[in-house]
Amino acid sequence: MRYTIEGFSQEKLLELGLDTTDAHLLRWFVDFRDTDKMITVIRDEKVYYWVNYAGIIRDLPILNIDKRAIQRRFKKLVNANILVHYTHRVGGVYSCYNLKDGGNYSSLVEKPSTKKQASNDPIGLESTKGIGLESTNPKDLKVLTKDSSTIKLSSILNSLNNEESIKSGKSAFCCTQFLGIYLEKYHFWKGEEHPSVTEEQATSALKAINESGVLTFGEEGARVMINDYFLTVKCDHNINHFVSGNIIRMRIERYRNDLCFKDASLRFQVECYRDTGRFDDEYLDFLNLYAEKYRQHTGEEHPAMKLNQLDDCRDSLASEDLIYSESMDDILDDFFMNAKQSDHRLSFFASEGVIEITNYRAM
């Protein structure tokens with residue numbers, strides 16, 4: 001009998017009453033956690049990941065299942081003591097999951113005892129489970145030898161944090177999650193992998209992140225600060241530069257004072273917030289449409305807005321259900337063509353008097 005299916009023990013899958021479809025779905029979830037494609041939610045200090053069932057259908061058409069079938073399958077994984085589920089009801093209803101602490105996942109990824117069996121296993125991402133680097137390219141996970149002067153950052157961090165966890169008995173997830181996000185964004189902005197670093201540099205970066213207080217702002221804050229850093233600072237963007245004393249303190253201050261992205265456009269701002277979980281997809285889609293209409297009618301990009309302004313606009317528009325209007329495209333064209341004596345900024349459009357007029361004209 002083949003030992004693994006999708007990197008999971010076939011014997012254990014059968015024991016838990018799971019089949020190949022369940023294995024495919026679990027592999028999809030494990031591989032895509034902590035990527036910019038998944039929105040995270042924090043509840044009771046635990047991270048949950050929003051599972052977009054429509055996204056699974058697009059990614060795995062070979063399974064030929066609908067949303068309800070996927071929902072039942074994920075419930076099956078919860079009942080098998082592999083996943084935990086949380087329904088998030090802010091800005092919509094979202095089904096969120098994570099691997100269950102102390103659950104059966106670890107038994108699914110245990111390696112066989114013989115070398116022959118181990119060599120048949122696909123190169124999976126199980127070795128990084130739980131430290132926030134699941135999305136790292138497997139090619140980065142090299143072994144540090146005595147002759148190596150430098151190594152991929154993800155590999156050093158994996159080794160360092162395994163040792164730290166063994167010594168302290170505590171999880172280093174938050175710090176390594178931050179570094180995982182940094183590596184992900186480095187590749188996004190630079191188009192290449194982060195250069196290799198020495199073990200001393202990696203240890204120094206890890207210490208600086210832990211001591212700076214940057215982790216207290218959670219994943220949302222980390223993604224905003226890192227994106228803002230790549231946008232506003234001209235340098236090589238090596239992790240050692242980011243964690244240097246003045247730079248990391250400046251990033252924290254910009255975030256605290258709501259200055260991130262202040263020199264950017266609303267369109268760019270929308271894309272930066274898309275992977276933070278700060279706003280739901282419907283509102284971000286509306287903001288993107290508004291930015292596009294602003295550019296079409298004024299010939300300029302709409303300036304970026306402060307977070308409190310975005311919050312106020314969302315609340316005003318949501319109270320009138322304007323964000324979800326199917327005729328929003330026409331509503332915005334009418335606004336830009338008829339509101340002659342205004343700057344057409346979003347704050348003006350979302351003001352109480354304009355909303356009332358807009359709703360009246362849309363009737």
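Residues numbered from 1 in each chain as written. Predicted model: local features only at pLDDT ≥ 70, side-chain atom pairs only at ≥ 80, totals over all residues. Heavy atoms only, no water.

Caption draft 1: Structural context of the sheet that holds strand β4 (residues 46-50). Strand order in the open sheet formed by four strands is β3-β4-β6-β5, with antiparallel pairing between adjacent strands. Edge strands, defined here as strands with exactly one partner in the open sheet, are β3 (40-43) and β5 (83-88). With direction set aside, neighbouring strand axes in the sheet form an average angle of 40 degrees. Relative to strand β6 (residues 94-99), β5 runs antiparallel, the two being bridged by six bridges. The partner of His88 across the bridge, within β6, is Tyr94. Strands β4, β5 and β6 of the sheet are contacted by helix α2 (residues 20-32), whose axis makes an angle of about 85 degrees with β6. Running over the sheet, helix α4 (residues 67-79) touches β5 and β6 and is turned about 125 degrees from β5. (Pairing = 2+ DSSP bridges. Helix = DSSP H or I, 4+ residues; strand = E, 2+ residues; numbered from the N terminus. Axes fitted to C-alpha atoms, helices over the stretch in contact; angles between N-to-C directions. Contact = heavy atoms within 4.5 Å.)

Caption draft 2: Looking closely at the pattern of salt bridges. Applying the stated criterion across every chain, the model contains 20 salt bridges. Two residues, Lys76 and Asp22, come together in a salt bridge whose shortest N-O distance is 2.8 Å. One end of the pair, Lys76, is in helix α4; the other, Asp22, is in helix α2, and 54 residues separate them in sequence. Taking relative accessible area as the criterion, Lys76 reaches 29% and is therefore assigned partly exposed. Several salt bridges converge on common partners, so that one network encompasses Asp19, Asp22, Arg73 and Lys76. (Salt bridge = Lys/Arg side-chain N within 4 Å of Asp/Glu carboxyl O. Buried < 20%, exposed > 50% of the residue type's maximum accessible area, 1.4 Å probe, protein only.)

Caption draft 3: How the structure looks around the packing of aromatic side chains. Tallied over the full model, the rule gives 25 aromatic pairs. Here Tyr182 and Tyr229 contribute two aromatic rings whose centre-to-centre distance is 6.4 Å and whose plane-to-plane angle is 40 degrees, an arrangement assigned as tilted. Residue Tyr182 is found in helix α8 (residues 173-190), and its partner Tyr229 is found in helix α10 (residues 218-232); the two are separated by 47 residues along the sequence. Its relative accessible area of 1% is what places Tyr182 among the buried residues. Taking relative accessible area as the criterion, Tyr229 reaches 0% and is therefore assigned buried. A ring pair is formed by Tyr294 and Phe336, whose centres lie 6.3 Å apart and whose planes are at 75 degrees; its orientation type is edge-to-face. Note that Tyr294 is positioned in helix α14 (residues 281-298) and Phe336 in helix α16 (residues 328-338), a separation of 42 residues in sequence. An aromatic cluster is built from Phe279, Tyr283, Phe286, Tyr290, Tyr294, Phe335, Phe336, Phe348 and Phe349, whose rings are joined through pairwise contacts. (Phe/Tyr/Trp six-rings, centres within 6.5 Å; stacked < 30°, edge-to-face > 60°.)

Caption draft 4: Molecular detail of the side chain of Asp333. Secondary-structure assignment places Asp333 in helix α16. Residues in contact with Asp333, not counting those within four places in the same chain, are Lys293 and His297.

Caption draft 5: Just the side chain of Ser107, in detail. With respect to the helices and strands, Ser107 occurs in helix α5 (residues 105-108). At 2.6 Å, the side chain of Ser107 forms a polar contact with the backbone oxygen of Asn104. Excluding anything up to four places from it in sequence, Ser107 contacts Ser9 and Lys12. (Polar contact = N/O pair within 3.5 Å; in protein donor to acceptor, adjacent residues only side chain to side chain.)

Caption draft 6: Region of interest: unusual backbone geometry. Although it is not a glycine, Glu6 sits at a positive phi angle of roughly 55 degrees. Structurally, Glu6 can be placed in the loop between β1 (4-5) and β2 (8-9). Positive phi, close to 50 degrees, is recorded for Asp44, a residue that is not glycine. Checked against the element boundaries, Asp44 lands in the loop between β3 and β4. On the basis of relative accessibility, which here comes to 69%, the residue Asp44 falls in the exposed class.

Caption draft 7: Examining the pairing of β4 more closely. Within β4, five of the five residues are buried, which leaves the element mostly enclosed by the surrounding structure. Where burial is concerned, the two faces of β4 agree: the one with Lys46, Tyr48 and Trp50 and the one with Val47 and Tyr49 are both buried. Strand direction decides the pairing type here: β3 and β4, joined by four bridges, are antiparallel. Opposite Thr40, over in β4, you have Tyr49 as the bridge partner. Hairpin connection of β3 to β4: two residues between the antiparallel strands, including Asp44 at a positive phi of 50 degrees. One ladder, built from two bridges, connects β4 with β6; its direction is antiparallel. Residue Tyr49 lies in a different strand from β6, and its bridge partner there is Tyr97.

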